[in-house]
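# Fold and contact review
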Amino acid sequence: NAGVTQTPKFQVLKTGQSMTLQCAQDMNHNSMYWYRQDPGMGLRLIYYSASEGTTDKGEVPNGYNVSRLNKREFSLRLESAAPSQTSVYFCASRQQGASDTQYFGPGTRLTVL
Amino acid sequence: AQSVTQPDIHITVSEGASLELRCNYSYGATPYLFWYVQSPGQGLQLLLKYFSGDTLVQGIKGFEAEFKRSQSSFNLRKPSVHWSDAAEYFCAVGQEGNYQLIWGAGTKLIIKP
């Protein structure tokens, strides 16, 4: 049982390049989330998917797109990377209810030059 | 607006001493409350959560937290810290029917030998 996995672990991009961050969970969870973490700012929600086939914007969606490929996988795409997107990105999943625990992946450290 | 405040950015505690990390929230409805821990370079792990019942909640690694509705607080405590407790701690608040959590900015715990 791997839980939540993310690839890649590290990535360096040049401004304007694109990339996709991959996330998969094997816990049969319905909801999945993408966060970014910046020093002193805690976690900020980029996008989430309440269930397969649905996605919604979070607090900071600009510059990102997401795809809920199936129940297991939820990808985050940067179409044209900017230095302001330098951050650590975490994927999380949750069974369904508001009291359910969110389980986190190990994170992707992205640097945009 | 809904918010979570962790007033202490850093806390330094001697090994073996007691610990209390503060969390205050502003939320209109009955909240679900979470404490997560993040070790350096890792994802977040749930320490404990409150969603109903006894307001004193026990978690993993010897941590506990008390929900005080009158003070809008959910402070995390541990009677005796170990060097391995050095990490960043995040408080989060959720609500039934809402897929998002509101996160505090985190408190970094430093352990003095």
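For the structure, check the block above.
Here's a quick rundown of the structure. Predicted model only: the values in this text are computed from it and were never measured.

### Some details on the state of the cysteines
Within this structure, the stated rule accounts for two disulfides over all chains. Bridging Cys-23 of chain A to Cys-91 of chain A, the disulfide has an S-S length of 1.8 Å. Between Cys-23 of chain A and Cys-91 of chain A, the S-S torsion sits near -70°, and that sign places the bridge as left-handed. Here the residue Cys-23 of chain A occupies a position in strand β3 (residues 19-25), and Cys-91 of chain A occupies one in strand β9 (residues 87-94), the gap between them amounting to 68 residues. Side by side, Cys-23 of chain A and Cys-91 of chain A carry an identical accessibility label, which is buried. For Cys-23 of chain B, the disulfide goes to Cys-91 of chain B, at an S-S distance of 1.9 Å.

### Concerning the interface of chain B and chain A
Many descriptions give the size of an interface as the accessible area lost when the pieces come together. The partner chain A presents 23 residues to the 22 residues of chain B that form the contact. Summed over both sides, the interface between chain B and chain A buries roughly 1700 Å², with carbon and sulfur atoms accounting for 56% of that surface. The three residues of chain B that bury the most area against chain A are Tyr-99, Gln-100 and Trp-103 of chain B, which together make up 37% of that side's buried surface. Our count for the contact surface shared by chain B and chain A stands at zero salt bridges.

### With respect to the sheet that holds strand β1 (residues 4-7) of chain A
Residues and elements named next belong to chain A. Overall, antiparallel pairing links the four strands, which are arranged β1-β3-β8-β7 in an open sheet. For this open sheet the edge positions go to β1 and β7 (64-68), each flanked by a neighbour on one side alone. Averaged over neighbouring strand pairs, the angle between their axes works out to 15° when direction is ignored. Note: β1 against β3, four bridges, orientation antiparallel. Paired with Gln-6 across the strands is Cys-23, a residue of β3.

### Let's talk about the nonpolar core
Leu-19, Trp-35, Leu-47, Leu-48, Phe-74, Leu-76 and Tyr-89 of chain B are the most contacted members of the largest nonpolar core, which totals 27 residues. The set of elements that each furnish at least two residues to this core consists of β2 (10-14), β3 (19-21), β5 (32-38), β6 (44-50), β8 (64-68), β9 (73-78), β10 (87-94) and β12 (107-112) of chain B. Looking at which element gives the most residues to this core, the answer is β10 of chain B, with four residues. Core analysis: the second largest hydrophobic core is formed by 20 residues, Leu-21, Met-32, Val-66 and Val-112 of chain A among them.

### Looking at the packing of aromatic side chains
Under the definition given, this model contains 15 aromatic pairs over all chains. Residues Phe-104 of chain A and Trp-103 of chain B carry aromatic rings whose centres are separated by 5.8 Å and whose planes lie at 80° to one another, so their mutual orientation is edge-to-face. Of this pair, Phe-104 of chain A sits in strand β10 (residues 103-104) while Trp-103 of chain B sits in strand β11 (residues 102-103), on two different chains. Phe-104 of chain A sits in the buried class, given a relative accessible area of 10%. A centroid spacing of 5.6 Å and a plane angle of 45° characterise the contact between Phe-63 of chain B and Tyr-89 of chain B, whose relative ring orientation is tilted. Pair noted here: Phe-63 of chain B is in the loop between β7 (56-58) and β8 and Tyr-89 of chain B is in strand β10, with a separation of 26 residues, a long-range link. A single burial state applies to Phe-63 of chain B and to Tyr-89 of chain B, both of which are buried. Linked through ring pairs, Tyr-33, Tyr-35, Tyr-48, Phe-90 and Phe-104 of chain A together with Phe-34, Tyr-36, Tyr-99 and Trp-103 of chain B together constitute an aromatic cluster.

Definitions and cut-offs
Residues numbered from 1 in each chain as written. Chains lettered and ligands numbered in written order. Predicted model: local features only at pLDDT ≥ 70, side-chain atom pairs only at ≥ 80, totals over all residues. Heavy atoms only, no water. Disulfide = S-S within 2.5 Å. Helix = DSSP H or I, 4+ residues; strand = E, 2+ residues; numbered from the N terminus. Buried < 20%, exposed > 50% of the residue type's maximum accessible area, 1.4 Å probe, protein only. Contact = heavy atoms within 4.5 Å. Buried area = accessible area lost by both parts, 1.4 Å probe. Salt bridge = Lys/Arg side-chain N within 4 Å of Asp/Glu carboxyl O. Pairing = 2+ DSSP bridges. Axes fitted to C-alpha atoms, helices over the stretch in contact; angles between N-to-C directions. Core = buried A, V, L, I, M, F, W, Y, C linked by side-chain atoms within 4.5 Å. Phe/Tyr/Trp six-rings, centres within 6.5 Å; stacked < 30°, edge-to-face > 60°.

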